[in-house]
Amino acid sequence: MNKSNQTRKIIGVDVAKLKLDIVFDDFHWTIENNEAAFEQFFSANDYLKHEGLFVMEATGGYEKPFEQYLLSHDIQTAVVNPKRIRDHARSLGQLAKNDRIDATVIRDFSMTHEVILSQQKPPQEQRLQALLRRRQQLRRYLITEKQQLETTTDKLIRASINSMITILEKRLKTVDATLQSLINQDSDTADKKRRLMAVTGIAEQTANTLLLRLPELGKLTHKEIAALVGVAPFCNDSGQYRGRRMIWGGRKEVRTALYMPMLSIIQYNPPIRRFYQRLVNKGKARKVALVACMRKLLTILNAMLKNNTDWCPDYEKNL
């Protein structure tokens, strides 16, 4: 992980759908959120291309155009979790809020905290991630339509819903085929997917999510990968008080991808099932035991990809 270079000029950027507020020292610029405005901004402030580190919050995708523009022009940038910015603002007692203030808080945060620099992803990886996002969108739409069908009696509306379900299922099948084709073109990725799917309970879509949403799998320590996903318990102690350990943060999509299969894994994967049962027998709440199993499985998967080994029941001795 790269750390921000504290010798560079740190610029805070508050991102909205239509505009950006950019703050550096006493300077404040408001520009439109499009490439033509980016070009105009850097034409007038060329020195920031070479000396600037632009830091912004993740805003549901609205930050992507500016982030991609910066990366494509070799300009350093970082995208920070909004919760970290909000917590920083509260620690400063900053109650007032507008776009310029938000950009200033982001800049202040970046001057006192480590930020991870964004990296330009290869075109194929970008396409794979875009396809995975599209698949998740289609799945949500499909679930919504099926739920509506269960509670609708009107014949005309049911016909409309059934028609939409057919369209969504067809689009979903096309996306799945394209994803599979692209993954198979990369022998290393295809081999990793084969290893993951050999684990009892991990199906194709879970493997795809792990590979595309957690590219660090197999490259970090077991503690680092658990914290990155958000399944590592954090202490909540003060003096003699010992609070409940809790998980928070991390990559929600990866946790979701692990949580649903885990309900099946604790039934049909013998080593994980026995590990789960031991925790329950010790008095752990079932949900706590389930998260512990997610963390243990993630540790095993991380070791498998790191050491280029396949799943086997012998892993049970480490559980």
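One can find the structure itself at the top, above this paragraph.
The rules behind each value
Residues numbered from 1 in each chain as written. Predicted model: local features only at pLDDT ≥ 70, side-chain atom pairs only at ≥ 80, totals over all residues. Heavy atoms only, no water. Buried < 20%, exposed > 50% of the residue type's maximum accessible area, 1.4 Å probe, protein only. Helix = DSSP H or I, 4+ residues; strand = E, 2+ residues; numbered from the N terminus. Arc of directions from axis to C-beta. Contact = heavy atoms within 4.5 Å. Phe/Tyr/Trp six-rings, centres within 6.5 Å; stacked < 30°, edge-to-face > 60°. Lys NZ or Arg CZ within 6 Å of the ring centre and 35° of its normal. Core = buried A, V, L, I, M, F, W, Y, C linked by side-chain atoms within 4.5 Å. Axes fitted to C-alpha atoms, helices over the stretch in contact; angles between N-to-C directions. Parallel < 35°, antiparallel > 145°, perpendicular 65-115°, else oblique. Left-handed = near helix turned anticlockwise from the far one by under 90°. Nonpolar A, V, L, I, M, F, W, Y, C, P; charged D, E, K, R; others polar. Pairing = 2+ DSSP bridges.

**Focus on helix α10 (residues 222-229)**
Residues lying three or four places apart along an α-helix face the same way, a consequence of the helix completing one turn every 3.6 residues.
Right, on to step 1. Residues of α10 that are buried: I225, A226 and V229. The arc that holds every buried residue of α10, seen down its axis, measures 100°, which confines them to one face.
Right, on to step 2. In this fold, the buried residues of α10 make contact with α11 (252-268) and α13 (286-307).

**Considerations on the packing of aromatic side chains**
Right, on to step 1. Scanning the entire structure with this criterion turns up nine aromatic pairs.
Right, on to step 2. Consider the rings of F24 and F27, whose centres lie 6.5 Å apart with planes at 10°: the pair is stacked.
Right, on to step 3. Ring geometry for W29 versus F41: centroids 5.2 Å apart, planes at 85°, classification edge-to-face. Highlighted residues: W29 in strand β3 (residues 27-32) and F41 in helix α1 (residues 35-44), separated in sequence by twelve residues.
Right, on to step 4. One aromatic cluster is present, formed by F24, F27, W29, F38, F41, F42, F54, F66 and Y69 through successive ring pairs.
Right, on to step 5. Looking at K296, its charged tip hangs above the ring of F275, at a distance of 5.7 Å from the centre.

**Focus: the nonpolar core**
Right, on to step 1. Counting residues in hydrophobic clusters, the biggest one holds 36 residues, and the most contacted among them are L217, M262 and L301.
Right, on to step 2. For this core, the secondary structure elements donating two or more residues are α9 (204-213), α10, α11, α12 (270-281) and α13.
Right, on to step 3. The element best represented in this core is α13, accounting for twelve residues.
Right, on to step 4. If we ignore the near neighbours within four places in the chain, the residues touching M262 are I272, L290, C293, M294 and L297.
Right, on to step 5. In terms of nonpolar packing, the next biggest core, distinct from the first, is built from 19 residues, F38, F42, F54 and M56 among them.

**Examining the packing of helix α7 (residues 155-185) against α9**
Between two packed helices, both the angle of their axes relative to each other and the distance between the axes serve to describe the pair.
Right, on to step 1. Where α7 meets α9, the closest approach of the two axes is 12 Å, and the angle between their N-to-C directions is 55°. On the basis of the axis angle, α7 is oblique to α9. Of the two possible hands of crossing, α7 and α9 adopt the one that is left-handed. From α7, D176, L179, Q180 and I183 reach across to α9, where they touch E204, Q205, N208 and L212.
Right, on to step 2. Tallied by class, the residues present in the contact of α7 with α9 amount to three nonpolar, three polar and two charged.

**What about the sheet that holds strand β5 (residues 76-80)?**
Right, on to step 1. Taken together, five strands build an open sheet; the order of strands is β3-β2-β1-β4-β5 and the sheet is mixed. Looking at the sheet topology across the chains shown, the edges are occupied by β3 and β5. Averaged over all pairs of adjacent strands, the angle between their axes in this sheet comes to 25°, without regard to strand direction.
Right, on to step 2. Along the sheet, helix α3 (residues 64-72) makes contact with β1 (9-15), β2 (19-24), β4 (52-57) and β5, crossing β4 at roughly 160°.
Right, on to step 3. Packed on one face of the sheet, helix α5 (residues 99-112) meets β1, β2, β3, β4 and β5 and runs near 140° to β1.

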